[in-house]
Structure formats: structure tokens, C-alpha cells
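An overview of the molecular structure
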Amino acid sequence: MVSYIVKRILSLIPVLFIVSIIAFLIVYLIPGGPATAILGMEASPEQISQMNAQMGFDRPFLVQYVDWLGGIVQGNWGESFFLRQSVLSAIGEYFGPTLSLAIFAQILAVIIAMPLGILAAYKRGTAIDVASVSVSLLGSALPGFLLSMFLMLAFSVYNQWFPVAGYADLSAGIGEHLKYLFLPALSLGIVQAAYLTRMIRSSLLEVLHKSFIQTARAKGLKEKRVILTYGLKNAAPVILTAIGQSFGSLITGTIVTETLFNIPGLGMLTMSAINRRDVFVIQGVVLFVTLLYVFVNLIVDVLYGFVDPRLQPGRK
């Protein structure tokens, strides 16, 4: 298992290298650069060129990239021009709310999707199955920002059960913390639940056609026990993969939700960095969320062996 993990990590190095090039190239091609944001639109071309020279942005692309990548390897991700702190410090400061939001949204997504997916597979071909699939498709088609607005109106404006926007740190208490996160987490969770419901249903239906399921039915076991005990256990690897991908997308895709609900997470940090052309912050956040996504998928791969021994390296 250790050698398998090492091989998976080594295989991800080229992916991260390509992502680093793309992230640096996109920011490198942004017109104006940070000099325009610092000096303002009234600055002359000569002033902008002088500022770029002072910050080292007048050097060739390859030289800038090698210097930046060398700093990344050494733990120096650069300095924010506007926050007056290191990029790693800024990411660490803004990552907490994003992580809390992603975890809460993932829990809500699983709570919603598991019974819907299992029920749809158990009642395949019935009105319940059609309704579950229809709801999941609707959840996938509905834009996240529109769903967030509906939730704001329903739970904050009309009924005032939850705050419209804002954020409370864990130091204010777990109840207050979750109170501010509930609506944005529910908005994200519904979208992810739609995807998970379809994956749970399809993976269960695929397993329910296996011979060992037919054997269990022939023994006289109730259909509910066959699905929950035998079907769900053998469909777990596919479901686990879907949950891992869902959590990765939650961490990397909260920009719109965090902006709508005024949550000081990585999404808000990214938006402010883009508006200010804070290039090192943009590059750092892109690389950081990529590392997180890769790390989540690596954990899922490792958990495969515990969920299904057949998937362990060396097993046949």
C-alpha cells in the first residue's frame, strides 16, 4: 500500500507542473498587471513601465516562472501587493471559512442524496424513482446563484430564520458558526446532492444485477436487506469516488456562493485578487486549490483498499 501511494504521488507531479505553467501563464497575460492597479488608471505608460521594472515584471516569461516555481518549492509563494502579507499567510487566513463551508455542504449533500439514491434504486421504475431522478436533474440544472437567492428569500427575508449574509467564526460558538453557514452550505449541498443521487442510484442498480445479489434473494432475504447490506456495500467504491470528487469541487467552486453570502473564504480572496490584479495571490490560490483537489482524490484512492479489498494493489 505504501509503494502504491508513493507511485500515485509521483504520477501527480507532471499534473501539478502543467497546472503551475497554466496558472502563471494566465496571470502573465493579464493586461496592465498589478502596476496599473497600484498606480491607477491615470498613470502614464512610463510610470507603469517603471513600476513593473521595480517589481520584476519586465523580465522574460521563463525567468519569472523559474523564480516563482523555485520560491514555491522553497515555501515562498510570494507577497501580496495589497494585503501586505505573504501569500501562504493570506491563504491560511481565508481557507478556514471555505473548509467549514465545504464540509458542512458535503454533509448536507450526503444526508439528502443517500436516502434519495437508495430509494430510487429500491423503487426502480416507479413514480418514486422518476420523482427522485427528476429532482436530481432539476438540482443540477438550477444555477447556484439563483438557488442561493431563493434560499435567501425563503429563509432570511420572509421568515428571518437565518442571517441573510455574513460569517461567524468558530470562536463565537459552533451554533452561531453553523447558523451563518447553513444557507450557503444548503445551496451548495443541493447541487452536489443532485449529482450524488444519480451516482448512488446508478451504482446500486449496476450491483443489483450481480449473481451474489440473486443468490441473496434466492435465500429469501428481504429486498431492503439485500440493498442495504449487500448492494450498498459493494457499490461503496463508486459512491466513495463520487463523494471525493464532490468534496473537491466544493472546495474549488465556492467563489460565487461566498461572494453572495459575504463569506471571507478563498472565493472572496480570489475575487479581490483578480480585481486588484494581485498576481501572486491569484497564482497561489490556483495552485493551492489544485493541490487540495489532488490530495482529496489521493485520499479516496487510499480508502479504496479499506472499502473493497479487491482494489488493493497486488490483489486479484
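Residues numbered from 1 in each chain as written. Predicted model: local features only at pLDDT ≥ 70, side-chain atom pairs only at ≥ 80, totals over all residues. Heavy atoms only, no water.

**What to know about the confidence of the model for the protein chain**
With 94% of its residues at a pLDDT of 70 or more, the protein chain has an overall mean of 82. Averaged over each element, pLDDT in the protein chain is lowest for helix α2 (residues 33-39) (72) and highest for helix α5 (residues 87-122) (90). (pLDDT = per-residue confidence, 0-100. Helix = DSSP H or I, 4+ residues; strand = E, 2+ residues; numbered from the N terminus.)

**Concerning helix α8 (residues 174-207)**
For α8, spanning 34 residues, the distance from its first C-alpha to its last is only 40 Å, which falls clearly below the expected 50 Å at 1.5 Å a residue. Along its length, α8 reaches its greatest deviation from straightness, about 45 degrees, at F182, and the proline P184 lies no more than four positions downstream. (Expected span 1.5 Å × (residues − 1). Bend = angle between axes of the 7 residues up to and from the residue.)

**Regarding a nonpolar patch on the surface**
A surface patch of nonpolar side chains, about 890 Å² in accessible area, is lined by F145, L146, M149, F150, L153, V157, Y158, V164, V256 and L260. Listing elements by their share of the nonpolar patch, those giving two or more residues are α7 (144-157) and α11 (255-260). Sort the elements by how many residues they give to the nonpolar patch and α7 lands first, with six residues. For L153, the location among the structural elements is in helix α7. (Patch = residues over 30% accessible without salt bridge, like charges linked within 9 Å, V, L, I, M, F, W, Y side chains within 5 Å. Areas by Shrake-Rupley, 256 points an atom, 1.4 Å probe, with all protein chains shown as cover. Salt bridge = Lys/Arg side-chain N within 4 Å of Asp/Glu carboxyl O.)

**A closer look at the nonpolar core**
Formed by 43 residues in total, the largest nonpolar core has its most connected members in W77, I91, L266, L269 and F288. Ranked by residues supplied to this core, first place goes to α5 with 10 residues. Apart from residues lying up to four places away in sequence, W77 is in contact with W68, G71, I72, V87, L88, I91, F280, G284, L287, F288 and L291. If you look at the next biggest cluster of nonpolar residues, it comprises 19 residues, including A113, L196, V207 and L208. (Core = buried A, V, L, I, M, F, W, Y, C linked by side-chain atoms within 4.5 Å. Buried < 20%, exposed > 50% of the residue type's maximum accessible area, 1.4 Å probe, protein only. Contact = heavy atoms within 4.5 Å.)

**Considering the packing of aromatic side chains**
Per the stated rule, a full pass over the model turns up 11 aromatic pairs. Taking the centre distance of 6.2 Å and the plane angle of 45 degrees together, the rings of Y65 and W68 count as tilted. Taken together, the residues Y65 and W68, both in helix α4 (residues 61-73) and three residues apart, mark about one turn of the helix. A single burial state applies to Y65 and to W68, both of which are buried. Here the aromatic rings of F104 and F182 are separated by 6.3 Å at their centres, their planes lie at 55 degrees, and the arrangement is tilted. With F104 in helix α5 and F182 in helix α8, the pair connects residues that are 78 residues apart, well separated along the chain. Within the aromatic cluster, the residues linked to one another by ring pairs are F17, F24, F61, Y65 and W68. (Phe/Tyr/Trp six-rings, centres within 6.5 Å; stacked < 30°, edge-to-face > 60°.)

**Brief notes about the pattern of salt bridges**
Following the criterion strictly, the structure yields two salt bridges and no others. Residue R59 is joined to D67 by a salt bridge in which the shortest nitrogen-to-oxygen separation is 2.6 Å.

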